[in-house]
Structure formats: structure tokens, C-alpha cells
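Chain by chain, the residues run as shown.
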Amino acid sequence: MLTFTKSSKKTKFISPCDPMWVSTVQHQNVGVVPAITTARRNPKFPSSLPKPPGTFRFDIRFRVSKSKVWAAKKQLNELETREPESEELLVREKNGESFDFGWLPAFPHALVASMSNFLFGYHIGVMNGPIVSIARELGFEGNSILEGLVVSIFIAGAFVGSISAGSLVDKLGCRRTFQIDTIPLILGAILSAQAHSLDEMLLGRFLVGLGIGVNTVLVPIYISEVAPTKYRGSLGTLCQIGTCLGIIVSLFLGVPSGNDPHWWRMMLYIACVPGFILTLGMQYAVDSPRWLCKAGRFDDAKAVINDLWGAAEVEKAVQEFQSVSKNDGNDLNSRWLELLEEPHSRVAFIGGALFVLQQFAGINGVLYFSSLTFQDVGVTNGSLANLIIGLTNLAGVLCASYLVDNQGRQKLLIGSYLGMALSMFLVMYANSFPLDEQFSHNLSILGTVLIYSLLGRTKKGGFQ
């Protein structure tokens, strides 16, 4: 549409093509004039408009090249069909920038925090391969109850640590809590590596669990509060990817344990390294801007938001944090039993059931004792088979990262749980019914592989 701006000497002409100046006109009110006549009209622009009282109209025809007309029409169509976008993205497109790097400032901080999930995955898989060697050296070989206790006691410590995580974060902030939390992680790994009795091993594993429990609560909170809203889901994926990589590394390092009965001590010493990296990395990381506002450090919060999110988000984010803090103050009289009342009961039931059913599905038995399962079905190198399983789990997580935005969480969870149920049935059927021995072994391996791959998809869909 053509628009004219009045001036004492010249009238400014604006069109979908290039700006032009039209010759001098009389100084009086000028109305909106018709669009450029082309071979194909845009139905949204009328060919003629009623003449307003006291005004006059122009009937101007320009000889514009076909290429300019085509470019103008294409630009108009894009503007009509484009969804509203941020001003920053429009400026980026205008400058010809095709890649969006808005996630990059927050990525190093999220990556350092995800080192905690790496430690979680590492301690999940570190006992998988060498548990037989540990039991033989510490004197409880053949006792399946004690073997299970050594493997899983760090989960009991994680339960205790997760309960205390909230109060630590409120008082110290995420960054300092991360650094303090590495103390039981490092001490527990060293104590386990130097253990010469079952009690020492159990104590070391329990200390590791304390640190893991705090981290499992802390990492998602920290990443969600540091990452820009647009990239929160993508950066949150680092949690599950870190866990999968930790499992893969521990299973890879467990391969030599079949030949060296003392290799498990080196594996536990190596577990100290990520703890030191986390402590050092958090020294250069930022604190959560939400916690800084809650602590009254508004200048520091604005500086963090400006560095990670951009200057345009500073005032808006600070106002949002202050509003949330006021609402939190109004909820001090809330009770836990309110979760069982409407409208919270349905959400609480579904969310809790997802966690409970996933744990009771038997996946922990696969994670912690898959090497023994493979040995029972005739696989000579159970640690190497576990490594392949770990890679399968990572592939499932990466697949879920793509599907969660395209198919939605509900479809992803339903499909994953149905697949896990079928996989569990295959393992049960192979070990409970009289089948050909080789066929039974292959069926068990297939079910285990499917469980691992679907586990990654389930966690991604349920926790993000």
C-alpha cells in the first residue's frame, strides 16, 4: 500500500519496494492511495478507496521491473504469514544471520553443572562390571544380598541427600552448594577405593549417595534458572545426556576388570576427577539470578541476566522474580496435604506415578546387574556387552530429545512405557519358559537392549 507523508516541499513515498521521493505537491491533506497495479493483485489490498472529504487522490503508474515486483510481493507474503517473533530475531534475519547462538552464553555454566549428572551415571555403572571381583576380595562372594547392598546403598544416601538439598540451596545458593556437595562425593570415592572390608565399602558408597542426592535436585533447578526461557528445554537435555555419558564411561572403564581383579580400585579413584572439575568449574560459574534476587543482590542479578540473556531481558526478569518471591510469601501457610485436594490431586498423582512405576518396572536391576545377566546367558565379556547397552541408552536419549518437541511428552511416555513392558515380557519369557537355549539367550539380550533404549526416552519425556 502506498502512503504519503506531508511536507512543505516534498512528499515522502513509501512502497513495498525501495523508498522513493515524489515530486513537489500542494501542501494539503493527503489520503491513502491505491497499491501498485501488477498482473496479480493481492486480495488484501483494494484496487480503489473512497475519496475522503477535502482530500484528493493520486493515480500513479510506475514502470517497475518484474524482478522488483516479484521481490516486493514475496516480501509481503512472508510478512503476512510470519508468526510474531522477537525483535532480536528480526534484526538477526535482516543482517543475514542464519544461526541462532542465544544459548551459547549459558551453555558453559549448564555444562559444568551437568558434570554432577555425569558423576551420577558413573556411580550407577561403576559397580556393574567389577562387583564379582569386589565381592571376592572383600569376602562376601556368592552372597547376593550383600552384593545388592553394595551396589544400591548409594541410592539410600541419595534419598537422604535429596531431602536436605532445598534448605542448602536457599541458604547458600546453587554455586556454593555445588562446591560443598563435592566433599562427600570425593571422600566417598576415595574411601571406597581404599576399602578392605565390607563396612568401609558401604560407608564410602553411602557418602557418594549423599552427594548424588543433592545434585539430582540441584542440577535441573540451576540449569532452568540460568538458561534463557527459549533454550531451557534444550539445555535441560544436558542432565540426561550427562547421566548417559557417565554410565558409558564407567562401563568402558570396567572392560579390563575381567582380567585384572584389582582394577575396581582404579575405577573408584577415577571417580574423584569429575568432582574436582565440578569444584573448579563452579568457581567461575554464575549464581542463579533468581536466588540473587531472593537474597537482595539485585545488581548482581542484573549483571548475570545481562550477560546470559541480554540487556532487553533485565528489567522484565527482575520484575518476574520479585513477583514470584511475593507469591512465595503468600504460600507460607500451605500444607502438603493440599496436593491431595483439587485441583492439584490429579497432577500430583500422575507425576508421582511416573516416578514410582519407572522404579518398580525393574530397570534398576538391568542398570546395576546387567553384567551378571549377560554372563548367565553365555556372553563371555559382560563388560563389553554393557558398553554397547550404554551406547544404546544414549541413542534413546538423543532420539527422545528430537521427538519430545515434535510428538509431545504424552505420546512419548505412553509409547516408551508400552515398549518397556514388552521388553520386560521378552526377558521374563526367555528365562521362565522352556525354549531352545540359544534362542532364549538371544531373546534375553534383545529385551535388555530394548529396555535400555526406551529408558532414555522415558526419562527424557517424564523429567523435562
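Residues numbered from 1 in each chain as written. Predicted model: local features only at pLDDT ≥ 70, side-chain atom pairs only at ≥ 80, totals over all residues. Heavy atoms only, no water.

Quick look at the overall build of the protein now. Broken down by element type, the protein carries 18 helices and three strands. Taking all 464 residues of the protein together, 39% fall into the buried category. Long-range pairs, those at least 24 residues apart, make up 74% of the contacts in the protein with a sequence separation of at least 6. Counting every atom, the protein has about 26,100 Å² of accessible surface; 62% of that belongs to carbon and sulfur. (Helix = DSSP H or I, 4+ residues; strand = E, 2+ residues; numbered from the N terminus. Buried < 20%, exposed > 50% of the residue type's maximum accessible area, 1.4 Å probe, protein only. Contact = heavy atoms within 4.5 Å. Areas by Shrake-Rupley, 256 points an atom, 1.4 Å probe, with all protein chains shown as cover.)

If you look at the biggest cluster of nonpolar residues, it comprises 35 residues, and the most contacted ones within it are M127, I134, F140, V150, M201, I212 and L268. Mapped onto this core, the elements with two or more residues apiece are α4 (115–125), α5 (131–138), α6 (144–193), α7 (198–226), α8 (232–253) and α9 (263–270). Considering each element in turn, this core owes the most residues, nine residues, to α6. Non-local contacts of I134, meaning those with residues more than four positions away in its chain, are made with M127, F140, M201 and W264. (Core = buried A, V, L, I, M, F, W, Y, C linked by side-chain atoms within 4.5 Å.)

Our next topic: the environment of G209. Mapped onto the elements, G209 comes out in helix α7. Sequence-wise, G209 and H123 are 86 residues apart; in three dimensions their C-alpha atoms are separated by 8.9 Å.

It is the contact of α9 with helix α10 (residues 272–284), at a shortest axis distance of 4 Å, that shows an interaxial angle of 5°. Relative to α10, the element α9 is oriented roughly parallel. On α10, the residues that touch L268, Y269 and I270 of α9 are C272, V273 and P274. Class assignment of the residues belonging to the contact of α9 with α10 gives a composition of six nonpolar, no polar and no charged. (Axes fitted to C-alpha atoms, helices over the stretch in contact; angles between N-to-C directions. Parallel < 35°, antiparallel > 145°, perpendicular 65-115°, else oblique. Nonpolar A, V, L, I, M, F, W, Y, C, P; charged D, E, K, R; others polar.)

Further remarks concern the side chain of S440. On the secondary structure map, S440 appears in helix α18 (residues 437–463). Contact partners of S440, with chain neighbours within four places excluded, come to A430, N431 and L435.

Our next topic: the side chain of N215. If you trace the backbone, N215 turns up in helix α7. At 2.9 Å, the side chain of N215 and the side chain of D181 are in polar contact. If near-sequence neighbours (up to four positions away) are discounted, N215 is found in contact with S116, F178, D181, L185 and P220. (Polar contact = N/O pair within 3.5 Å; in protein donor to acceptor, adjacent residues only side chain to side chain.)

Our next topic: the pattern of salt bridges. Within this structure, the stated rule accounts for seven salt bridges. Where D287 meets R175, a salt bridge forms, and the shortest distance between an N and an O atom there is 3.9 Å. With D287 in the loop between α10 and α11 (289–294) and R175 in helix α6, this residue pair connects regions lying 112 residues apart in the sequence. Classification of R175 as buried rests on a relative accessible area of 14%. (Salt bridge = Lys/Arg side-chain N within 4 Å of Asp/Glu carboxyl O.)

What follows covers the confidence of the model for the protein. In low-pLDDT regions, the fine details of the predicted coordinates are not to be read closely. Considering every residue of the protein, the mean pLDDT works out to 75; 70% of them sit at 70 or more. Within the model, pLDDT remains below 50 along residues 1–71, and this stretch shows 76 contacts once partners closer than five positions in the same chain are excluded. Counting interchain partners and residues more than four positions distant, the pLDDT-below-50 stretch residues 78–87 has seven contacts. (pLDDT = per-residue confidence, 0-100.)

Taken as a whole and judged by the stated rule, the model has six aromatic pairs. An angle of 65° between the planes, with centres 6.3 Å apart, marks the rings of W309 and F321 as edge-to-face. Of this pair, W309 sits in the loop between α12 (298–308) and α13 (314–330) while F321 is found in helix α13, placing the two residues 12 residues apart along the sequence. The class of F321 is buried, set by a relative accessible area of 3%. Summarising the aromatic geometry, the rings of F425 and Y429 are spaced 6.0 Å apart at their centres and angled 25° between planes, so their arrangement reads as stacked. Taken together, the positions of F425 and Y429, both in helix α17 (residues 409–432) and four residues apart, correspond to about one turn of that helix. Every member of this aromatic cluster is reached through a ring pair, and the members are F425, Y429 and F433. (Phe/Tyr/Trp six-rings, centres within 6.5 Å; stacked < 30°, edge-to-face > 60°.)

Two numbers describe how α4 lies on α8: the axes approach to 6 Å, and their chain directions differ by 40°. It follows that α4 is oblique to α8 by the angle criterion. For α4 against α8, the interelement crossing comes out right-handed. Each of N117, F118, F120, G121, Y122, I124 and G125 in α4 lies in contact with α8, whose residues at this interface are C239, G242, T243, L245, G246, I247, V249, S250, L251 and L253. When the residues that make up the contact of α4 with α8 are grouped by side-chain class, the tally is 10 nonpolar, seven polar and no charged. (Left-handed = near helix turned anticlockwise from the far one by under 90°.)

All right, on to the environment of T237 then. Topologically, T237 is positioned in helix α8. For T237, a relative accessible area of 9% corresponds to the buried category. The spatial distance from the C-alpha of T237 to the C-alpha of I223 is 9.8 Å, given a sequence separation of 14 residues.

Here the focus is the environment of D170. Structurally, the position occupied by D170 is in helix α6. Spatially, the C-alpha atoms of D170 and K294 are 8.9 Å apart, while their sequence positions differ by 124 residues. If near-sequence neighbours (up to four positions away) are discounted, D170 is found in contact with W291 and K294.

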